Amino acid sequence: AKEEIVPQPAAETAAQPEELSDKVKYAMEFLESVIGQFHKGNYTLTPVKTETGYVIKISGDDAGALIGRKGETMEALSYLTGLAANRSDDSFEKISVDVADYRQKREKDLVASAKKAAAKVLKTGRPFGFEPMNPYDRRIIHAAIGRIEGVKSESKGEGNSRRVMVYSTNPNPRNNNNKGGKKPYNKSNRREKPAPQAQKTRTEKLVDESSFG
């Protein structure tokens, strides 16, 4: 069996203003401008350096309103911010947005859901479909399923209907009850034919009567 690997959050360090690239600085200005168009609450933007790029963290008492349903608003802000920051030249810098550490909490929940789905598929042998998800959430599910032996995952559908399907790679699920089907062959269950019985001899009794012959 594969050794289970528990995903760990990427190492993070607070970025100092003098360390920020022009792309990150522009991303900060762009994000603040966009948020200001529809959200007037109190919040703070903090750029954080990670192993793969930068995360602009939004914190504050009113920051929760920027998460949206299942992180949809946050993901939209993240997509637009990264797109705007990288449009200036051919170089690319990974810049994303996290609101109130929602990403880490969401990842934990998704990994738990992936494990439950995998256990169900391994038990029944039937495919399991998640509800439609954004690309970020789908990547987490795929990564979690990829660490579990006996199952695989694929993305199905288009656009907002795209979802993750989990399939079994084991042709013999553990709880094969064969409901409604034939029982598997087993020598112990084989019915033996009864031993042939000796053919009964028909006995006829002749009655000696005066009228006979």
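Residues numbered from 1 in each chain as written. Predicted model: local features only at pLDDT ≥ 70, side-chain atom pairs only at ≥ 80, totals over all residues. Heavy atoms only, no water.

## Some details on the pairing of strand β4 (residues 95-99)
The element β4 is extensively covered by neighbouring structure, given that five of its five residues are classed as buried. A two-sided burial pattern is seen for β4, the buried positions comprising I95, V97 and V99 on one face and S96 and D98 on the other. In this fold, the crossover linking strand β3 (residues 54-59) to β4 by way of helix α2 (residues 72-85) has right-handed handedness. (Buried < 20%, exposed > 50% of the residue type's maximum accessible area, 1.4 Å probe, protein only. Helix = DSSP H or I, 4+ residues; strand = E, 2+ residues; numbered from the N terminus. Right-handed = clockwise from strand over helix to strand, strands pointing away.)

## Describing helix α4 (residues 135-146)
One turn of the α-helix equals 3.6 residues, which is why residues spaced by three or four share an orientation. Along its twelve residues, α4 runs 16 Å from first to last C-alpha, staying within 8% of the 16 Å computed at 1.5 Å per residue. All of the buried residues in α4 are Y136, D137, R138, I140, I141, A144 and I145. Lining the buried residues of α4 we find α2, α3 (102-124), β6 (151-156) and β7 (163-168). Capping of α4 at its N-terminal end is provided by N134; its side-chain oxygen lies 3.1 Å from the backbone amide nitrogen of Y136. (Expected span 1.5 Å × (residues − 1). Contact = heavy atoms within 4.5 Å. Polar contact = N/O pair within 3.5 Å; in protein donor to acceptor, adjacent residues only side chain to side chain.)

## Looking at the nonpolar core
Side chains of nonpolar character tend, in soluble globular proteins, to be buried together. With 20 residues, the main nonpolar core has L31, I35, L45, I56, I58 and V99 as its most contacted residues. For this core, the elements supplying multiple residues, two or more each, are α1 (22-38), β3, α2 and β4. Examining the composition of this core, we find that five residues originate from one element, α1, more than from any other. Those residues in contact with I58 that lie beyond four places of it in its chain are L31, I35, Y43, T44, L45, A63, L66, V97, D98, V99 and A100. Listed in part, the 16 residues of the second largest apolar core include L110, A114, A117 and I140. (Core = buried A, V, L, I, M, F, W, Y, C linked by side-chain atoms within 4.5 Å.)

## Points about the sheet that holds β7
One open sheet holds the three strands; their spatial order is β5-β7-β6, and the pairing between them is antiparallel. Of all the strands in the sheet, just β5 (128-129) and β6 have a single pairing partner and so form its edges. By the bridge criterion, two bridges tie β5 to β7 in an arrangement that is antiparallel. Note that in β7 the partner of F128 across the bridge is V166. Contacts from α4 reach β6 and β7, with the element oriented near 160° to β6. (Pairing = 2+ DSSP bridges. Axes fitted to C-alpha atoms, helices over the stretch in contact; angles between N-to-C directions.)

All quantities given are derived from atomic positions and should not be read as evidence of function.
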